[in-house]
Amino acid sequence: MTNQTLIDADRSLLWHPYASMVDPPPVFPVVCARGVRLTLADGRELIDGMASWWCAIHGYNHPVLNAAVGAQLEDMAHVMFGGLTHEPAVRLAQKLVDITPRDLQTVFFADSGSVSVEVAIKMAIQYWAAKGRPGKQKLLTIRQGYHGDTFGAMAVCDPVTGMHSLFRDVLPEHYFADTPGIRFGEEWDDDDIESLKALAESRHDEIAAVILEPVVQGAGGMWFYSPAYLDRVRQICDEFDLLLVFDEIATGFGRTGKLFACEHTRISPDIMCLGKALTGGYMTMAATLTTARVADTISAEGKGVFMHGPTFMANPLACAVALASIDLLEQTGWEQRVAEIQAQLQDELARCRELDNVVDVRVLGAIGVVEVDRPVDMHVVPRRFVDQGVWIRPFGRLIYIMPPYIIDANDLTRLTSAMYHVVVKLSH
Ligand SMILES: *Cc1c(COP(=O)(O)O)cnc(C)c1O
């Protein structure tokens, strides 16, 4: 196919994320991806600033990950997980239990982040039902959250920027506390927890769990808040009999400078969702981890089984590449690398602060965000980045990057200077 035939066929056939089929914004055909570079069908090379939405932490086409998929393929691509098991699943589960907070002891493999959130919600509700408290079915969360696009997950996304108005009559209603106001690194003030505490106090009889993204709110606002908030949430959950669910789908595997964002505190959730970078960006897979207390309670009482079972549960190819990706992470000194990326982002994005149309610049770990004063035109701005030789995809008022950890200093400078120049141009 020529480049133009492909683009035309794509336009008439394919939905893209959050897109229209009529007059959609441009799409750019990719023919291969290697390291931190995407090669377009027209021959141009782009430096990748997105890690394919947080996933490709080791870059693309990594020989070690390729080998893991190839070796697994020789044995089996997939078998059902009902009544069967296999070494890749068992080894990956053991690895996840080893590297996550100590209380998390069991693993449910799901096929996407959204599904792992659905599973977490079901676990929380089944836990309370098994404890003889079936009235606890609501969730408590914070505004500006993002937890996925399926119905259960959508219902805990931000009620304004999420999809609540569109699906009002089919979405369950949950409780929303104010977004934490105290930023990462700022001094804590107990006022910041009042909104969540008040809801927990008045509604705990109906609430099964608090769910939130620890430290970094991702797609709902790219906002970094104080880990002290999480300590208070843990206390409130214990005081009012609520489970605590951490959605680490975006933050997991080193992105914030800790292996998991909850390590910015010393507390542990009762349930944790992982996804995105789990397989190093190779395949869709997610996991919901929980404690022995939750698992035993669901299993021993009531119906005694957990009611979920995806067709592609614990897919062996995905398990094998996830194991290889975690091993690679452990062997490559990611902590040092993410710290270096953070320092360089802080240094190089600082000049954006001086621009009139910039509201805020924030950096945490390997995440750099420039917030501008009005929504970015998606028909225009992505092409400007492509013309500068980088792949950066803004949303709303946020221009942000979370590059693969393997990016070198020169390529990272190309990303930050493209951000600067595009933001300058937006101000005219
Ligand atoms: C991306 C994301 C999800 C949804 O994951 P999918 O794999 O897209 O279903 C859920 N929670 C958070 C925090 C995410 O970043």
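First, a word on what this report is: a plain description of the structure on this page. (Residues numbered from 1 in each chain as written. Predicted model: local features only at pLDDT ≥ 70, side-chain atom pairs only at ≥ 80, totals over all residues. Heavy atoms only, no water.)

In terms of nonpolar packing, the biggest core is built from 124 residues, with Leu96, Phe109, Leu196 and Phe253 touching the most fellow members. Once you skip the residues sitting within four places of it in the chain, Leu96 turns out to touch Val107, Phe109, Phe253, Leu274, Leu278, Ala287, Leu289 and Ile326. Listed in part, the 9 residues of the second largest apolar core include Phe28, Leu46, Ala51 and Val386. (Core = buried A, V, L, I, M, F, W, Y, C linked by side-chain atoms within 4.5 Å. Buried < 20%, exposed > 50% of the residue type's maximum accessible area, 1.4 Å probe, protein only. Contact = heavy atoms within 4.5 Å.)

By nearness alone, every residue bordering the ligand is listed as Ser112, Gly113, Ser114, Tyr146, His147, Gly148, Glu213, Asp247, Ile249, Ala250 and Lys276. At 2.6 Å from an oxygen atom of the ligand is found a side-chain nitrogen or oxygen belonging to Ser114. At 2.6 Å, a side-chain N or O of Asp247 approaches a nitrogen atom of the ligand. With the chains in place, 82% of the 380 Å² that the ligand exposes on its own is no longer accessible. Taken together, the residues of the shell around the ligand break down into 3 nonpolar, 5 polar and 3 charged. (Near = heavy atom within 4 Å. Polar contact = N/O pair within 3.5 Å; in protein donor to acceptor, adjacent residues only side chain to side chain. Areas by Shrake-Rupley, 256 points an atom, 1.4 Å probe, with all protein chains shown as cover. Nonpolar A, V, L, I, M, F, W, Y, C, P; charged D, E, K, R; others polar.)

One pass over the full model with this rule turns up 20 salt bridges. Of the charged contacts, one joins Lys95 and Asp327 as a salt bridge, the two residues approaching to 3.5 Å between their closest N and O atoms. Note that Lys95 is positioned in helix H4 (residues 87-99) and Asp327 in helix H10 (residues 316-331), a separation of 232 residues in sequence. Between Arg232 and Asp190 there is a salt bridge whose closest N-O contact spans 3.1 Å. Of the two residues, Arg232 is situated in helix H8 (residues 228-239) and Asp190 in the loop between strand E6 (175-177) and helix H7 (194-203); the sequence distance between them amounts to 42 residues. (Salt bridge = Lys/Arg side-chain N within 4 Å of Asp/Glu carboxyl O. Helix = DSSP H or I, 4+ residues; strand = E, 2+ residues; numbered from the N terminus.)

Let's shift gears to the environment of Ser325. Its location among the elements puts Ser325 in helix H10. The exposure class assigned to Ser325 is buried, which follows from its relative accessible area of 2%. The spacing of Ser325 and Ile57 is 268 residues in sequence and 8.8 Å in space, taken between C-alpha atoms. Non-local contacts of Ser325, meaning those with residues more than four positions away in its chain, are made with Ile57, His58, Leu65, Ala277, Leu278, Thr279 and Gly280.

Now for the packing of aromatic side chains. Evaluation of the coordinates by the stated rule reveals 8 aromatic pairs. On the numbers, 6.0 Å between centres and 70° between planes, the contact of Phe28 with Trp391 is edge-to-face. With a gap of 363 residues between them, Phe28 in the loop between helix H1 (3-13) and strand E1 (30-34) and Trp391 in strand E15 (residues 390-391) connect regions that are remote in the sequence. Aromatic pair Tyr127 and Trp128: ring centres 4.8 Å apart, planes at 80°, arrangement edge-to-face. One aromatic cluster is present, formed by Trp188, Tyr225 and Tyr229 through successive ring pairs. Over the ring of Trp128 we find Lys136, and its NZ or CZ is 4.6 Å from the ring centre. The ring of Tyr420 has Arg351 lying over it, and the distance from NZ or CZ to the ring centre is 3.8 Å. (Phe/Tyr/Trp six-rings, centres within 6.5 Å; stacked < 30°, edge-to-face > 60°. Lys NZ or Arg CZ within 6 Å of the ring centre and 35° of its normal.)

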